[in-house]
Each structure stands twice: as C-alpha cells, then as structure tokens.
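Here are the chains, one letter per residue:
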Amino acid sequence: MTSGEEQRQVILALGKSFAQCTDFDLWGQPIEAIDGYKRLSKQLDDLANADSSLFSDEQKKVLRKIGICLDLRCKALQAPDTINGILLDDLKKIGNTLDSILNQRCRDFPVDVIAAQLQTRTLPNSQNRAQESDDLDEDKQGSRAKGSLLPRPLAYSGMKVLTVKIEKIGLKDATQFIEPYITVSVKDMMGADLTTSQDTPVASKKENKCIVFNEEVHIQKSLESLPNGFSIFFEFKHFKPKKNIISTKCWAFMEKDEIKEGPVALELYQKPADYKRKQIKLLTVKPLYLHLKVIFNT
C-alpha cells in the first residue's frame with residue numbers, strides 16, 4: 001500500500017468516526033458524543049505528533065485545529081451554561097475539511113479557532129483567561145497522569161481475552177524522563193488500528209535504569225477475533241516542557257506467534273514506530289528491554 005492509499009484509509013476511518021460523533025450530538029446524546037469526540041481528538045493528536053510521518057506539517061496543523069475544536073465542543077456539552085465557542089453547524093463544516101484534507105490546500109480553516117477558544121472561556125478578563133489556560137494545561141497533565149486504560153472485556157464461548165501487564169522498561173537515562181507513559185495499540189499488517197489505543201498512567205517509580213509501571217492493559221478484542229498478522233505495539237512517550245510536546249523515545253512490538261502466557265522481554269527500537277515493521281532499528285545494543293507479563297483470560 002502506498003502512503004497516499006494509507007492516508008486515504010486513515011481519513012476515511014476518521015471521517016466515519018467524526019460523523020458518528022456528530023450524529024450523537026444531533027440526537028441529544030451528550031455522553032456518547034463526548035466519549036466519541038475525546039477518542040477522536042486523541043487519535044488526531046497522535047497523527048499530528050512530531051514523530052508521525054503520515055501527514056505533511058500543513059496537514060498536521062489542520063488535524064491539531066480539529067482536535068482543539070472537538071475538545072471545545074466537549075467542554076460546551078459538559079457545561080451547558082457555557083457560551084458555545086463551537087456549534088454543531090461549525091463541526092459539520094470542520095467535517096468537510098477533514099474529508100477533503102488530502103485534496104486541497106489547508107490554509108483556510110472554516111472556524112476561527114482562537115475566537116472559539118475565547119468564546120468558550122466565559123471569564124470576564126484577561127487575567128482570568130490566563131488562569132483558565134493554566135487550568136487547561138493542568139487538565140491535560142491530569143489526564144496523562146490517569147491514563148486511558150479500558151476495563152477487561154467479557155470473554156465469550158471460551159475465547160481468550162489478553163491482558164498484558166507492563167512491568168517496567170529499561171532505559172539508559174531512566175531518571176531523566178518527565179511524565180513517562182506507554183501507549184498500547186493493536187494493528188494489522190498494514191498498520192491500521194484494530195482496537196482503541198490505550199495509555200498507561202504516568203509512571204511514578206524509577207529505579208536504577210528502569211521505569212516501573214506495573215499496569216495491566218486489557219486488549220479489547222479476543223485473540224480469536226483478531227486477524228492473522230496482527231501485532232501489539234508499545235510506544236514509550238514522555239513530556240518535554242521546553243517544547244511543550246509529547247515525544248516518543250522508543251517502541252516495541254509483539255507479534256501474534258510471540259504471544260505466550262508468562263513473562264516476556266521485548267527489544268526496544270528507534271522512533272518513529274514502524275507499524276508495518278519494514279524499517280526497524282534497535283535503540284541500543286545494551287541489554288535493555290520492555291518487560292511484560294502475558295495473561296490469558298477465558
């Protein structure tokens with residue numbers, strides 16, 4: 001598959017999710033709409049990350065703006081008394097921009113994002129607005145700290161549901177990383193998502209050359225329902241305060257035939273993550289690994 005075909009598939013999937021969210025919003029189902037908007041915003045943030053190479057810098061700017069608008073819509077739905085900076089009609093225009101992002105120049109965005117942010121912030125003066133901006137940053141930090149792990153799904157008819165306990169990761173400068181966490185995703189041979197990606201909570205313990213997590217990640221589909229050639233990816237990420245960005249340091253993956261119950265040690269690879277596993281380079285020749293424990297639930 002060429003990069004252009006991959007881009008089209010990703011935008012098609014995003015557009016479908018976007019339409020489902022706005023339908024919930026239109027039908028007066030705020031809980032479902034908020035949940036969908038938040039998931040979609042996270043996907044857009046991942047695609048707009050500096051380490052992602054699927055889209056151009058210009059397209060990434062648009063994806064970031066769409067993510068901001070989704071967050072603002074969530075805020076309006078969560079606080080009905082707030083002045084809405086983003087209306088449902090605005091989202092429909094934004095949806096058209098998302099659908100056509102590959103076919104047109106990205107300079108003209110249908111919504112003034114800065115004005116929308118100011119409208120959603122209903123505090124009366126600039127000092128309060130600055131405080132709210134700080135609060136938003138704190139909310140993001142709090143969200144990272146808590147992670148986005150999902151509960152264990154039910155196993156049906158004897159099918160195996162996989163739990164991966166992330167115990168620790170070995171890194172040369174383990175103590176230097178700020179707010180470290182791991183994103184776990186399940187992808188097919190072409191790199192397409194098969195389940196919702198999950199973030200561990202920020203690790204709170206560092207010892208010697210290891211960052212300790214001890215977090216259980218429940219894969220959201222049974223092993224039997226996942227296609228041949230799938231892999232589970234683990235991306236180690238951390239916060240860079242000087243640039244105010246989340247950066248990927250390294251990654252690891254586990255293929256289907258490697259999934260066996262018990263302890264596992266995975267090699268670490270240089271960023272960016274190669275979901276198609278065609279250009280893989282070891283992070284280091286030193287004996288540093290991602291340590292996991294695989295558990296089968298039936």
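Here the structure is shown first, and the text comes after it.
Residues numbered from 1 in each chain as written. Predicted model: local features only at pLDDT ≥ 70, side-chain atom pairs only at ≥ 80, totals over all residues. Heavy atoms only, no water.

Asks: I'd like a description of the sheet that holds strand β8 (residues 262-267), backed by residues and values.
Replies: Taken together, the five strands give an open sheet; going across it, the order is β4-β5-β1-β10-β8, and neighbouring strands pair in antiparallel fashion. Because the sheet does not close on itself, it has two edges, and the strands there are β4 (205-207) and β8. On average, adjacent strands in this sheet sit at an angle of 25° to one another, irrespective of strand direction. Note: strand β1 (residues 161-170) against strand β5 (residues 210-218), seven bridges, orientation antiparallel. When the sheet's bridge partners are listed, Lys 168 is paired in β5 with Val 212. (Pairing = 2+ DSSP bridges. Helix = DSSP H or I, 4+ residues; strand = E, 2+ residues; numbered from the N terminus. Axes fitted to C-alpha atoms, helices over the stretch in contact; angles between N-to-C directions.)

Asks: Could you give an account of a positive patch on the surface, with specific residues and numbers?
Replies: A cluster of basic side chains, namely Lys 172, Lys 209, Lys 249 and Lys 286, defines a positive patch on the protein surface. Summarising the element assignment, Lys 172 is placed in the loop between β1 and β2 (181-187). Given the relative accessible area of 54%, Lys 172 is considered exposed. (Patch = residues over 30% accessible without salt bridge, like charges linked within 9 Å, V, L, I, M, F, W, Y side chains within 5 Å. Areas by Shrake-Rupley, 256 points an atom, 1.4 Å probe, with all protein chains shown as cover. Salt bridge = Lys/Arg side-chain N within 4 Å of Asp/Glu carboxyl O. Lys, Arg positive; Asp, Glu negative; His and termini not counted. Charge placed at Lys NZ, Arg CZ, Asp CG, Glu CD. Buried < 20%, exposed > 50% of the residue type's maximum accessible area, 1.4 Å probe, protein only.)

Asks: Which residues make up the sheet that holds strand β3 (residues 198-199), and what values do they have?
Replies: Read across the open sheet, the five strands follow the order β3-β2-β6-β7-β9; overall the sheet is antiparallel. Looking at strand neighbours, the two that pair on one side only are β3 and β9 (269-270), the edges of this open sheet. The sheet contact formed by strand β7 (residues 245-255) and β9 spans two bridges and is antiparallel. When the bridges of β9 are listed, Cys 250 appears paired with Gln 270.

Asks: Please give an account of the side chain of His 218 that cites residues and values.
Replies: Relative to the assigned elements, His 218 resides in strand β5. One polar contact links His 218 to Thr 163, side chain to side chain, over a distance of 2.8 Å. (Polar contact = N/O pair within 3.5 Å; in protein donor to acceptor, adjacent residues only side chain to side chain.)

Asks: Describe the packing of aromatic side chains, with residues and values.
Replies: Applying the stated criterion across every chain yields a total of eight aromatic pairs. Ring centres of Phe 24 and Trp 27 lie 6.2 Å apart, and the angle between their planes is 90°; on these two criteria the pair is classed as edge-to-face. Ring pairs connect the aromatic residues Phe 233, Trp 251, Phe 253, Tyr 269 and Tyr 275, which therefore count as one cluster. Positioned above the aromatic ring of Tyr 275 is the side chain of Lys 187, whose terminal nitrogen or guanidinium carbon lies 4.2 Å from the ring centre. (Phe/Tyr/Trp six-rings, centres within 6.5 Å; stacked < 30°, edge-to-face > 60°. Lys NZ or Arg CZ within 6 Å of the ring centre and 35° of its normal.)

Asks: Go over unusual backbone geometry with me, naming the residues and quoting the values.
Replies: Residue Lys 271 is joined to Pro 272 through a cis peptide bond whose omega torsion reads -5°. Here Pro 272 lies in the loop between β9 and β10 (289-297). Located in the positive-phi region is Asn 214, a residue other than glycine, with phi close to 50°. When you line up the elements, Asn 214 lands in strand β5. The backbone of Asn 244 sits at a positive phi, close to 55°, despite the residue not being glycine. Mapped onto the elements, Asn 244 comes out in the loop between β6 (231-240) and β7.

Asks: Tell me about the packing of helix α3 (residues 57-78) against helix α4 (residues 88-99), residues and numbers included.
Replies: The N-to-C vectors of α3 and α4 enclose an angle of 155°; their axes lie 11 Å apart at closest approach. It follows that α3 is roughly antiparallel to α4 by the angle criterion. Crossing of α3 over α4 shows left-handed handedness. Contacts between α3 and α4 involve Val 62, Leu 63, Ile 66, Cys 69, Leu 70 and Arg 73 on the former and, on the latter, Leu 88, Leu 91, Ile 94, Thr 97 and Leu 98. (Parallel < 35°, antiparallel > 145°, perpendicular 65-115°, else oblique. Left-handed = near helix turned anticlockwise from the far one by under 90°. Contact = heavy atoms within 4.5 Å.)

Asks: Describe in detail the pattern of salt bridges, supporting the description with residues and values.
Replies: Under the counting rule described, the total for this entry stands at nine salt bridges. One salt bridge in this structure joins Asp 193 and Lys 187, with 2.6 Å as the shortest N-O distance. For Asp 193, a relative accessible area of 42% gives the class partly exposed.

Asks: Pulling in residues and values, what's your account of the nonpolar core?
Replies: Residues Ile 232, Phe 234, Met 254 and Leu 290 are the most contacted members of the largest nonpolar core, which totals 32 residues. Looking at this core, the elements with two or more residues in it are β1, β2, β5, β6, β7, β8 and β10. Sorting elements by how many residues they give to this core places β1 first, with four residues. (Core = buried A, V, L, I, M, F, W, Y, C linked by side-chain atoms within 4.5 Å.)

Asks: Describe in detail the pairing of β7, supporting the description with residues and values.
Replies: Bridging between β6 and β7 involves 10 bridges; their strand directions are antiparallel. Bridge pairing in β7 places Phe 239 opposite Ile 246. Hairpin connection of β6 to β7: four residues between the antiparallel strands, including Asn 244 at a positive phi of 55°.

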